[in-house]
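Read off the chains here:
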There are 4 protein chains.
Amino acid sequence: MELRTAFALIEATLEEGRRRKARPLSVVVLDPGGHQIASAREDGAGFARLALAQGKAWGSLGIGFGSRTLSERVTKAPEFFAAAASLLDGRLLPAPGGVLLLRDGTLIGALGVSGDTGDTDEACALFAAGRLGLEHER
Amino acid sequence: MELRTAFALIEATLEEGRRRKARPLSVVVLDPGGHQIASAREDGAGFARLALAQGKAWGSLGIGFGSRTLSERVTKAPEFFAAAASLLDGRLLPAPGGVLLLRDGTLIGALGVSGDTGDTDEACALFAAGRLGLEHER
Amino acid sequence: MELRTAFALIEATLEEGRRRKARPLSVVVLDPGGHQIASAREDGAGFARLALAQGKAWGSLGIGFGSRTLSERVTKAPEFFAAAASLLDGRLLPAPGGVLLLRDGTLIGALGVSGDTGDTDEACALFAAGRLGLEHER
Amino acid sequence: MELRTAFALIEATLEEGRRRKARPLSVVVLDPGGHQIASAREDGAGFARLALAQGKAWGSLGIGFGSRTLSERVTKAPEFFAAAASLLDGRLLPAPGGVLLLRDGTLIGALGVSGDTGDTDEACALFAAGRLGLEHER
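Throughout this document, residue positions are counted from 1 along each chain, in the order its sequence is written. Chain A is the first chain written and ligand 1 is the first ligand written, with later ones labelled in order. Owing to the predicted nature of the model, reporting of local features is limited to residues with pLDDT of at least 70; listing and counting of side-chain atom pairs is limited to 80 or more, with chain, interface and lining totals taken over all residues. Hydrogens are left out, water is left out, and the side-chain values use all remaining heavy atoms of the structure.

## Remarks on the packing of aromatic side chains
Point 1. Within 6.5 Å between ring centres, the rings of Phe, Tyr and Trp (the latter by its six-membered ring) count as paired, and their orientation is classed by plane angle as stacked under 30 degrees, edge-to-face over 60, tilted in between. The tally for this structure, following the rule as stated, stands at eight aromatic pairs over all chains.
Point 2. An angle of 75 degrees between the planes, with centres 5.1 Å apart, marks the rings of C:Phe47 and D:Trp58 as edge-to-face. With C:Phe47 in the loop between β2 (36-41) and α2 (49-63) and D:Trp58 in helix α2 (residues 49-63), this residue pair bridges two chains. We note that C:Phe47, like D:Trp58, is buried.
Point 3. Throughout this description, the term charge over a ring refers to an Arg CZ or Lys NZ atom that lies within 6 Å of the ring centre and within 35 degrees of the ring normal. Taking the ring centre of A:Phe65 as reference, the NZ or CZ of A:Arg73 above it sits at 4.2 Å. Comment: elements are numbered from the N terminus, with helices defined as DSSP H or I runs of at least four residues and strands as E runs of at least two. Only protein chains enter the area calculation, which uses a 1.4 Å probe; residues under 20% of their type maximum are buried, those over 50% are exposed, and those in between are partly exposed.

## Some words on the pairing of strand β4 (residues 106-114) of chain B
Where a strand is regular, its side chains alternate between the two sheet faces.
All names here are of chain B.
Point 1. Of all nine residues in β4, seven are buried, a share of seventy percent or more.
Point 2. Pairing geometry for strand β1 (residues 26-30) and β4, over five bridges, is antiparallel. Paired with Val 28 across the strands is Gly 112, a residue of β4.
Point 3. Taking the residues between adjacent antiparallel strands as the criterion, strand β3 (residues 98-103) and β4 are bridged by two residues, where Asp 104 takes a positive phi near 50 degrees. Two strands pair under a simple rule: DSSP has to find at least two bridges between them.

## Re the sheet that holds strand β4 (residues 106-114) of chain D
Point 1. With respect to topology, 10 strands assemble into an open sheet ordered β5(B)-β3(B)-β4(B)-β1(B)-β2(B)-β2(D)-β1(D)-β4(D)-β3(D)-β5(D), the strand pairing being antiparallel. Lying at the two open borders of the sheet, with one neighbouring strand each, are β5 (135-137) of chain B together with β5 (135-137) of chain D. Neighbour-to-neighbour, the strand axes of the sheet open up by a mean angle of 20 degrees, direction not taken into account.
Point 2. Pairing between strand β1 (residues 26-30) of chain D and strand β2 (residues 36-41) of chain D: five bridges, direction antiparallel. Each bridged residue has a counterpart across the sheet, and for D:Ser26 the counterpart in β2(D) is D:Arg41. Axes, fitted as lines to C-alpha atoms, cover a helix only where it is in contact. Angles between the N-to-C directions of the axes lie from 0 to 180 degrees.

## Section: the interface of chain C and chain A
Point 1. Residues count as neighbours in contact if any of their non-hydrogen atoms are within 4.5 Å of one another. Contacts between chain C and chain A engage 18 residues on the former and 18 residues on the latter.
Point 2. Both sides together, the interface formed by chain C and chain A hides about 1400 Å², and carbon and sulfur atoms give 52% of it.
Point 3. Buried area is calculated as the accessible area (1.4 Å probe) missing from two parts once they are joined, with the contributions of both summed. Interface area lost by chain C to chain A is led by C:Leu3, C:Gln36 and C:Arg41, which between them contribute 34%.
Point 4. Just to be clear on terms, a salt bridge is a Lys or Arg side-chain nitrogen sitting within 4 Å of an Asp or Glu carboxyl oxygen. Across the pair A:Asp31 and C:Arg41 runs a salt bridge whose closest N-O atoms are separated by 2.9 Å.
Point 5. Of all the secondary structure elements, the ones that give two or more residues to the side of chain C that touches chain A are α1 (3-19) and β2 of chain C.
Point 6. Of all the elements, β2(C) adds the most residues to the side of chain C that touches chain A, at six residues.
Point 7. Residues are grouped as follows: Ala, Val, Leu, Ile, Met, Phe, Trp, Tyr, Cys and Pro are nonpolar; Asp, Glu, Lys and Arg are charged; every other residue, Gly included, is polar. For the side of chain C that touches chain A, a count of residues per class yields 10 nonpolar, three polar and five charged.
Point 8. For strand β2 (residues 36-41) of chain A and β2(C), the ladder comprises three bridges, and the chain directions are antiparallel. Bridging across to β2(C), A:Ser39 finds its partner in C:Ser39.

## A short note on the sheet that holds β2(C)
Point 1. Strand order in the open sheet formed by 10 strands is β5(A)-β3(A)-β4(A)-β1(A)-β2(A)-β2(C)-β1(C)-β4(C)-β3(C)-β5(C), and the pairing between neighbours is antiparallel. Sheet topology places β5 (135-137) of chain A together with β5 (135-137) of chain C at the edges, where each strand pairs with a single neighbour. Taking each pair of neighbouring strands and ignoring which way they run, the sheet shows an average axis angle of 20 degrees.
Point 2. Sitting on the sheet, helix α2 (residues 49-63) of chain A is in contact with β1 (26-30), β2, β3 (98-103) and β4 (106-114) of chain A together with β2 of chain C, with an inclination near 150 degrees to β4(A).

## Comments concerning the side chain of D:Ser71
Residue and element names in this part refer to chain D.
Point 1. Its place among the elements puts Ser 71 in helix α3 (residues 67-76).
Point 2. Judged by its relative accessible area of 17%, Ser 71 is buried.
Point 3. A polar contact of 2.6 Å, which involves the side chain of Ser 71, links it to the backbone oxygen of Arg 68.
Point 4. Apart from residues lying up to four places away in sequence, Ser 71 is in contact with Pro 94, Ala 95 and Pro 96. We call two N or O atoms a polar contact when they sit within 3.5 Å, provided that within protein one can donate a hydrogen and the other can accept it, with sequence-adjacent residues counted only if both atoms are side-chain atoms.

## Structural notes on the relation of the copies chain C and chain A
Point 1. Least squares is the method used to superpose the copies, on C-alpha atoms of residues holding a pLDDT of at least 70 in both. The operation relating chain C to chain A is a screw motion whose rotation component is 180 degrees, with 0.1 Å of axial translation and a residual RMSD of 0.1 Å. Interpreted geometrically, this transformation is the action of a two-fold axis. Of every C-alpha in chain C, the one belonging to C:Ser39 sits nearest the axis of rotation, 2.5 Å from it.
Point 2. Both copies contact each other with a shared surface, as 100% of the interface residues of chain C are interface residues in chain A too.

That's the geometry; what it means functionally is another story.
Below is the structure:
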């Protein structure tokens, strides 16, 4: 994904957060290998929030499911996810707000959001994916 | 185990995965010391999947049981496994799909598979062990 | 530092990089606690480049000198810096391109740049600080 | 890069190693994010050799230069590379044998080889890139 696209995703995520009067959001855009392309943490957000946003996006790319799907599976197999999180140095956060992004069926990265409820975090991410015309898996 | 045998195990695992229409599989073959001989990650698999496959095989060799047996024991002694995983830097993943491989009763390594359900991952591993005429402990 | 300021710093850094025909740049803006406010990695930059940029800025904030000063001191006291880097989990990168940022004498964060030579990385950071009217220590 | 391509690269690397009567080789193919697609360690190779091969390829992708270029730069800036290696948890190995792979100018991954001298390791990698018709940066 180009940096230009990543910036547009962040801008749209924050715009939707303001519209929903969400708490301060932290947003990260990762390439398909789980490496940051761009990030932004709004004024007033706790300093670890970007790490949480990254955990949602990184875990989604690493396992191959959006983080809502991961959050549903974790309740069925808690021991597996605890072990997987330990194996992956904890970089896996199974909570809504991490969304895989695809263009014409090809994975181009992931968007991770943290700051409000998981549902609101995810809604802002989905708004941004839609604004950019990207397919998503949540 | 010879590299030639490891490649044949990977090939058979992936062949069985395709026959079962499994999700993209990641496969690793380890020597008795827990070190990779060969690995393969199918197109479309999340980038952390080889680490999960390795966690099944490494944990099996390290503790001395196949990873299905480990997954059954973890429910009886969750504290033990949490502590052991921490002690072993999380490299232990107690979920089906890690299989010890023996030849004439001698341990020659382990095969780890991740990508679909644990049951399917393990079925593909067992098919490969059988194809190569190796004894196994799951 | 406000997110708005961090974005403006990144934009100015990248603009100066393009003017100098620098290699693709990675840029990070940290708060006084060493935590990311925003980051950007230009298309074509290696995936570890943001970590290097962060190492310049984090080390500057952590020790209290800009990373050029750190790079000069490291040649006088290599054992000290080797031990400090180890103590700090390696998060310290003593090479030009990490700049402390102040407003009316108060530390508000740091800017870290990686991608071209240390001199060019730093020149782009200094241009951005100047554009925003911020004092700096390099 | 497809798994099929990764296997063909490994096969060609090992074939060239046998032709040159090289010591047992370890070969890894990484995607652009530095994650394994496939690996192979020849019979008789030390168990850490795959980690060395990975360090050449991972460092090349992370910094954006082939590992021969990294090995030349390390002699000019040893403190920088020592600090960068520490920052990147040591995953960076600046020695010939890590080659960036491109198709029509687009980075598709990297090939890392370890086992013989750096020059021989690299020669085997370059043979494989040529056999597959891929562009490379060493």
